[in-house]
Amino acid sequence: MNDEIKIIWLKFFNWVMGNGPRPENEIIPPELPPDLPFTRTPDKKHSRFHEITISERLIQWLSLHGLHVFANFYNILSIIVCLLIIALMLMTVADLPPFGDFHNPANNEVVERYIKAGARETGAENIVAGMILDYRAFDTFGESAVLFTGAITVLMILGTSVKKDKSELKRLHLKTHSGFEDRNFLAFAPSLHIYRDDDAILRGVASLSIPVIIIMGCVVIISGHLTPGGGFSGGAILSTALILCANAYGFIKVHEFFSERTFIVSSSSALSIYALAKGYSFLTGANHINSGIPIGTIGDIFSAGLILPLNICVGIVVAGTLYGFYALFSEGEI
Amino acid sequence: MNLDFIAYNTPFISIFLMMAAAIITPIIPQEKRLPEKFSCLCIFINIILSGYLVYFLATAPENIGFNYPVGHFPAPWGNELRAGLLEAVLALIFCVAMFLSVTGNFYDTVNEISARRRQILSVLINLLTAALLALTYTNDIFTAYVFIEINTIAACAIVAVKETGGTIRAALRYMVMSLVGSGIILLSICLLYGLTGHLLMQYMRLKISELVKTGMYDLPLLVSVAFMTSGLAVKSALYPFCFWLPDAHGNSINVSSAILSGLVLKGHIFLIIKVFFRVFGLDVISALRMDIVIFILGCAAIIMGSVHALKQSNIKRLIAWSSVAQVGYIFLGLGLNSEIGIAAACLHIVVHSLIKPMLFTSAGGLSNMAGHNKNLHDLAGTFYLNKSAGTAFIVGACSMIGIPAFAGFASKFALTAASFESNLMIFAVAALGASSLLNALYYIPAVLVIFARGKNNNLEKIKLPLSFHVSIWIFIALNFLIGLAFIPLLNLITKGVSVFG
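Every value quoted in this text rests on a predicted model; they were computed, and no experiment measured them. (Residues numbered from 1 in each chain as written. Chains lettered and ligands numbered in written order. Predicted model: local features only at pLDDT ≥ 70, side-chain atom pairs only at ≥ 80, totals over all residues.)

Another point: the overall build of chain A. Tallying secondary structure elements over chain A gives 13 helices and zero strands in all. In sequence order, the secondary structure elements of chain A are arranged as α-α-α-α-α-α-α-α-α-α-α-α-α. Split into buried and exposed, the 334 residues of chain A put 27% on the buried side. (Helix = DSSP H or I, 4+ residues; strand = E, 2+ residues; numbered from the N terminus. Buried ≥ 20, exposed ≤ 12 C-beta atoms within 10 Å, placed from the backbone.)

The structure is reproduced here in structure tokens:
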């Protein structure tokens, strides 16, 4: 008994000192029987000499089939769990208040004031714009920060991959324009998006549609407080113009007016303007001070207080971010 | 209650300051480590503001807290923040822990990552602080969701800030689990909005207590509680949902580990407390039997987290698994379903968010001496090379075990005292006792190892900057302060909890 404790203490001491078990105390494992041949069923001749015990059989069976059985078990279990959750959620949906009923709990004084007094209080004819950019502007500020966070994160993870040499890219770009085709170059071309420069149909359509798309995007953003739309949807439209431009004319053309620096500066400054404007409005509102921001006549372009500038800021952020995602995922840089 | 201008505006200004800091950090020049210094400055301003708010609310004659409308529109129409004593104390502790983890690991980030990534890291730290403060102060469940999203993305990003295979895999795993959690939380919010028609917590609670009285919609209510709890439990790494945590916290750089383990989990846990207390009310929770579920999972987390920690040989993974056990303590306090239990859980949030960053920072300091090796054996004898990190590690370990005079004792004591008032006392005490023993089993060998003058006698001493030593000693001082004088802090938290509902 005393010796056992001594041995355990010695082992612990050695472990602490990082030496591992000493050679004289080391337990030498008994020699293992030679590996069984890699067959599914051990042959009968062999078992005549050596009776395989149940536990050995279990270990053998597990090593052969264990992973397979586990995978099957896992699949079946996950299907059962999914079915249970689906059943639970269907039962829940059946118990919910009926859709569109007037007496639903959601049709209360909150919604009533949004609809009845929304236009008067926020100056926005589009109730949704009034709701997201005035009544609940703090949430929308958070949402645009979510986009910003996502963009910064993608920029960090994808943007630091090996930078392509700019001059090399330009040279290749010129080569394709001069009609010179190098087989080695074409092998790399798909990843560089350069060979599409020759696509006459895409370029023709792009040159016609890009101005229309840009005007459409601007209209959706600027009249966000009057008609359905606003910063988020308008920004998405603007970003499609940028993406189309990149596909038709190559990313180098877009680089000339929209680089990574432009992207960071434009989103940061747009969000800063948003933050400053809304911060002023939040602070005055909470302290019951008149903010002095004019609402204007309902229905004019220059009305609805801060909603128009905020929509423009959100639009810039969304357009930059969506194009940035596309460029980073396909090229590895903006 | 008479409010002065600064105290009244503190909840909004502290969130807004961090958001604005995050937004303008990308355009600050990278020279002279300006982005990091700027973010430290903003967090420091927040410490002062929150400290003032705590002082103000603690000395006010009737400290019921106040609601702060964000914008020109009153409560059910606009967003709202709420600040009481409990929120203020937690915000102060979060800011202090964030500040010390950033300054304490200042030297380490320079060695590990490039200047460009350090700039983005400061953006992410600012965003995480803003999200943490918003989750602490919010009174609106959708605002909470928006900041949960920011928290999720930023937390995954600071795992992947150092690019190795391990961190990318851990970040992906973390992101998948976290997004499942977000989705479930969003479903639950949709259900609750459909049932109550409100997003502000006090109005939701009125409507829910009406629904419970009439017995209408009992299944959707149960499902929404279950979804909300499980979604937030995934994010706060309650035991069966915690297997993403050791990878994410163990592989990333020290500052990320410290922030994730010490703070990011706590924001979500505090949101669960908030939802239980302010949206449903403790009586509804116990009628729906959610408290028992949480209690059992908390006990399981306490035991299993420690058992897994016993198997680790990497010091950072060991500390990460210990976080799983510590989160279990908080849920155990929450599962007692009484005000005193929740006060004890909040005390444990405070204690853990100060100890865990200290442990990670000191482990980083020790492994820096052993050539960035994180294996326990390689750390042998590092105490003699970096005495402040070694001391901090011992203090943290003693605190985790729950030795009197260390901070961990305070919260364990409060939890045990709280369990005496519950009929689950025997299980709670058994779990606490067993886990203290298990904690000792894995922390004491780790402490012995750093003292052992083993084969590593040829290690060279590397001088660490002053910021590391100062932060570590502040951590140690705070630990003893809480451990020796926890009664006033517990009183403060109990007062806060009593006006929280």
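Next, the rest of the story.
From N to C terminus, chain B includes 20 helices and two strands. For 501 residues, the compact-globule formula gives about 23 Å, and the C-alpha radius of gyration of chain B, at 22 Å, lands near that figure. Principal-axis analysis of the C-alpha atoms places the extent of chain B at approximately 75 × 55 × 45 Å. The buried share of chain B, taken over its 501 residues, is 63%. (Rg over C-alpha atoms; globule rule 2.2 N^0.38 Å.)

This next bit is on helix α9 (residues 218-235) of chain B. Residues and elements named next belong to chain B. For α9, built from 18 residues, the straight-helix expectation of 26 Å at 1.5 Å per residue is met to within 8% by its first-to-last C-alpha distance of 26 Å. Most of α9 sits out of view: 14 of its 18 residues are buried. A positive backbone phi angle near 60° is found at Ala 237, which sits one or two residues after α9. (Expected span 1.5 Å × (residues − 1).)

Each side of the interface is counted separately: chain A has 45 residues, and chain B has 54 residues. Within the residue set of the side of chain A that touches chain B, elements represented by two or more residues are α1 (2-17), α3 (54-95), α4 (109-122), α6 (137-159) and α12 (260-286) of chain A. With 14 residues, the top contributor of residues to the side of chain A that touches chain B is α6(A). Within the side of chain A that touches chain B, the residues separate by chemical class into 25 nonpolar, 14 polar and six charged. (Contact = placed C-beta atoms within 7 Å. Nonpolar A, V, L, I, M, F, W, Y, C, P; charged D, E, K, R; others polar.)

Attention now moves to the confidence of the model for chain A. Counting all residues, the mean pLDDT for chain A is 78, and 78% of those residues have values of 70 or more. Here residues 178-191 of chain A is modelled with pLDDT under 50, and outside its nearest four sequence neighbours on either side it reaches six contacts, counting other chains as well. (pLDDT = per-residue confidence, 0-100.)

Quick look at the environment of Leu481(B) now. Residue and element names in this part refer to chain B. Locating Leu 481 in the fold gives a position in helix α19 (residues 466-484). Accessibility expressed as a C-beta count within 10 Å gives 13 for Leu 481, which makes it partly exposed. Here the alpha-carbon distance between Leu 481 and Ser 209, two residues 272 residues apart in the chain, equals 41 Å.

All names here are of chain B. In this fold, Ser 467 is placed in helix α19. It is 23 Å that separates the C-alpha atoms of Ser 467 and Ile 319, two residues lying 148 residues apart in sequence. Those residues in contact with Ser 467, other than ones at most four positions away along the chain, are Thr 103, Gly 104 and Phe 106.

Attention now goes to the pairing of strand β2 (residues 79-83) of chain B. Residues and elements named next belong to chain B. Most of β2 sits inside the fold, with five of its five residues counted as buried. The alternating pattern of β2 places Asn 79, Leu 81 and Ala 83 on one face and Glu 80 and Arg 82 on the opposite face, and all of these are buried. As defined by bridge partners, strand β1 (residues 66-70) adjoins β2 across five bridges and the pair is classed as antiparallel. Looking across to β2, one finds that Val 70 is bridged to Asn 79. (Pairing = 2+ DSSP bridges.)

With that out of the way, let us pick up the packing of helix α14 (residues 315-335) of chain B against helix α15 (residues 339-369) of chain B. All names here are of chain B. Contact pair α14 / α15: the axes reach a minimum separation of 9 Å and the direction vectors enclose 175°. Judged on the interaxial angle alone, α15 and α14 are roughly antiparallel. Facing Ile 315, Lys 316, Ile 319, Ser 323, Gln 326, Tyr 329, Ile 330, Gly 333 and Leu 334 of α14, the residues of α15 in contact are Gly 341, Ile 342, Ala 344, Ala 345, His 348, Ile 349, His 352, Lys 356, Leu 359, Phe 360, Ala 363 and Ser 367. In terms of residue class, the contact of α14 with α15 is made up of twelve nonpolar, seven polar and two charged. (Axes fitted to C-alpha atoms, helices over the stretch in contact; angles between N-to-C directions. Parallel < 35°, antiparallel > 145°, perpendicular 65-115°, else oblique.)

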